[in-house]
Amino acid sequence: MSVLEKLTSADAITLEDKYGAHNYHPLPVVLNRGDGVYVWDVEGKKYYDFLSAYSAVNQGHCHPKIVGAMIEQAQTLTLTSRAFYNDKLGVYEEYITKYFGFDKVLPMNTGAEAVETALKICRKWAYEKKGIPENEAQIIVCDGNFHGRTTTIISFSNDENARKNFGPYTAGFIKIAYDDLDALEKAITSSKNIAGFLVEPIQGEAGVYVPSEDYLAKAKALCEANNVLFIADEVQTGIARTGSLLAVCGNCTCENQCEKQSSYVTPDILILGKAVSGGVYPVSAVLANNTIMNVIKPGQHGSTFGGNPVAAAVAMAALDVVSEEHLAQNARRLGKIFRAELAKYIETSNVATLVRGKGLLNAVVINDTEDSDTAWNICMKLAENGLLAKPTHGNIIRFAPPLVMNEVQLLDCVAIIINTLKQFEK
């Protein structure tokens, strides 16, 4: 096919199927343009985006400030590697550390890379600061977790589809139930070799499971009492998605964005990705204070692209947008409306049983088994009706629009969702 020929949706799907690895199962919608909360397919049909590239596009598609920063920097200097200094990285490092209230940042590219980086930092700290014998450190993780798909990460995943036939697996991890403080205390006190506790403040991929209000604060207290690092994976939940700058907040500079609650905590290691760049460039970051981050010395960890000038410029612009456009407050307010409106419908529904979430990270549980195709079929019908969402874990539909959405748009989307669900009522 000539590059000058206009692709149809069928053409594009055929090309991906023939030449691409089959590692995803997308909805059969082929997008070629985005603006704010909307995307368009190659035939020109307009949709509300209720996935936001798995919460990477919190600032909306093609935000002009973020895209402008990328273009300007890309025309000047794109990559030096870390073999040399550049004039953007230090400025960005100062910006992001002050933005979130940490001493240092280690810049990476993707969420999974950032998680791997945090695990390495935690282990090195355990050997050099806590005194755990080398190669004996253990890190506690939660059942139902999703931290990425690298070999190490799938070693402690419960998702057999992600794990099967990818072994042998990496040792050094203890799995416990999510939102279970007794299980955490038992695991922490079971050995002197516990280095850290890696947790998602809300388990997004598992179906948007929100823990008990005091879970994170008490988990952090248990970690502190036992000299264990509390590692928060905010790749999906961070950057205003849940109605606060972070799903766990403490000494970060977001007083005007967060609902300050005593249950909010400051992680020892914070992992960020996705919306750090507003979805226009791969950017991730690991933040910690000096007592932890200073265990990393030259040659012990790095990335050719991590901290490149384009990434630095894009991330600063993207985080500016979060503050300037009050996206945390907007997500908090619209999320309450979304859950209230869906809950009213669900009271009399046979097809939907529950809506849950925080801010604009929400899910609706469908009244069917995990191996059913009901949720998938609902998402197909939602697409026909002009709204894009995807199932997770078979019978759960995640709803996570860009945070630049306004109330009129949200209520329009609620109407689309309810009218679509009505078509599946038994």
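Above this text you will find the structure in question.
Quick caveat, the model's predicted, so the values are computed rather than measured. (Residues numbered from 1 in each chain as written. Predicted model: local features only at pLDDT ≥ 70, side-chain atom pairs only at ≥ 80, totals over all residues. Heavy atoms only, no water.)

### Structural notes on a nonpolar patch on the surface
To keep it simple, the criterion reads: A patch consists of residues whose relative accessible area exceeds 30% and which take part in no salt bridge; residues with like charges are grouped when within 9 Å of each other, and nonpolar side chains (Val, Leu, Ile, Met, Phe, Trp, Tyr) when within 5 Å. The Shrake-Rupley method, run with a 1.4 Å probe, gives the accessible areas here. Residue values count only the displayed protein chains as cover. The working definition used for a salt bridge is a side-chain nitrogen of Lys or Arg within 4 Å of a carboxyl oxygen of Asp or Glu. Helix and strand definitions here come from DSSP, where helices need a minimum of 4 consecutive H or I residues and strands a minimum of 2 consecutive E residues; each element is numbered from the N-terminal end.
Together, Leu7, Leu15 and Tyr19 give the surface a local cluster of nonpolar side chains, amounting to about 300 Å² of exposed area. When you line up the elements, leucine 15 lands in helix 1 (residues 9-19).

### A few points about the environment of leucine 184
Just so we agree on the cut-off: Any two residues having at least one pair of non-hydrogen atoms within 4.5 Å are treated as being in contact.
By secondary structure assignment, the location of leucine 184 is in helix 8 (residues 181-189). As a C-alpha pair, leucine 184 and lysine 218 span 34 residues in sequence and 10.0 Å in three-dimensional space. Leaving out residues up to four positions away in the same chain, leucine 184 has contacts with Ile140, Ile176, Phe197, Ala219 and Leu222.

### Some thoughts on the pairing of strand 10 (residues 284-288)
Worth spelling out the cut-off: Buried, partly exposed and exposed residues are distinguished by accessible area as a fraction of the type maximum, computed with a 1.4 Å probe on protein chains only: under 20%, between the cut-offs, and over 50%, respectively. Paired strands, as defined in this entry, are two strands with at least two bridges between them according to DSSP.
Taken across its five residues, strand 10 has five buried, putting it largely inside the fold. Where burial is concerned, the two faces of strand 10 agree: the one with Ser284, Val286 and Ala288 and the one with Ala285 and Leu287 are both buried. Across five bridges, strand 4 (residues 104-108) lies against strand 10 in antiparallel orientation. Bridging from a neighbouring strand, methionine 108 pairs with serine 284 of strand 10. One ladder, built from four bridges, connects strand 9 (residues 269-272) with strand 10; its direction is antiparallel.

### Section: the sheet that holds strand 4
Filter applied, for reference: As a rule, the C-alpha atoms of each element are fitted with a line to give its axis, helices using only the stretch in contact, and angles between N-to-C directions run from 0 to 180 degrees.
The strand order across the open sheet built from seven strands is 4-10-9-8-7-5-6, with neighbouring strands paired in mixed fashion. This sheet does not close on itself; its edge strands, each paired only once, are strand 4 and strand 6 (173-176). Pairs of neighbouring strands in the sheet enclose a mean axial angle of 20°, with direction left out of account. Two elements, strand 8 (residues 229-233) and strand 9, share three bridges in a ladder whose sense is parallel. Bridging from a neighbouring strand, isoleucine 231 pairs with isoleucine 269 of strand 9. Contacts from helix 4 (residues 89-100) reach strand 4, strand 9 and strand 10 within the one sheet, and its direction differs from that of strand 4 by about 120°. Each of strand 5 (138-142), strand 6 and strand 7 (194-199) touches helix 8; the most contacted strand, strand 6, lies at about 155° to it.

### A few points about a negative patch on the surface
The cut-off we apply is this: All tallies of charge rest on Lys and Arg as positive and Asp and Glu as negative; His and the ends of each chain are not included. For the purpose of locating charges, the reference atoms are NZ of Lys, CZ of Arg, CG of Asp and CD of Glu.
Taken together, Asp368, Glu370, Asp371 and Asp373 make up a surface patch of like negative charges. With respect to the secondary-structure elements, glutamate 370 resides in the loop between strand 12 (361-366) and helix 13 (374-384). Residue glutamate 370 is classed as exposed on the basis of its relative accessible area of 54%.

### Some remarks on the side chain of serine 303
Counted only if it meets this: Two N or O atoms form a polar contact when they lie within 3.5 Å of each other; inside protein one atom must be a possible hydrogen donor and the other a possible acceptor, and for residues adjacent in sequence the pair counts only when both atoms belong to side chains.
Within the element layout of this structure, serine 303 appears in the loop between helix 10 (290-293) and helix 11 (309-324). According to the relative accessible area criterion, serine 303 is buried, its value standing at 18%. A polar contact of 2.9 Å, which involves the side chain of serine 303, links it to the side chain of asparagine 109. Here the side chain of serine 303 touches glycine 306 through a polar contact of 2.9 Å, landing on its backbone nitrogen. When sequence neighbours within four positions are dropped, the list of residues in contact with serine 303 reads Arg82, Met108, Asn109 and Glu113.

### Considerations on helix 8
For clarity, the threshold we go by: What the arc measures is the spread of directions leading from the helix axis to the C-beta atoms.
Residues Ala183, Leu184, Ala187 and Ile188 constitute the buried set of helix 8. Angularly, the buried residues of helix 8 cover 130° about the axis, an arc narrow enough to put them on a single face. Opposite the buried face of helix 8, at more than 90 degrees from it, the exposed residues are Asp182, Lys186 and Thr189. Tucked inside the fold, the buried residues of helix 8 contact strand 5, strand 6, strand 7 and helix 9 (215-225). Between a side-chain oxygen at the N-terminus of helix 8 and the backbone nitrogen of aspartate 182 the separation is 3.2 Å; the capping residue is aspartate 180.

Geometric values such as these leave the question of function open.
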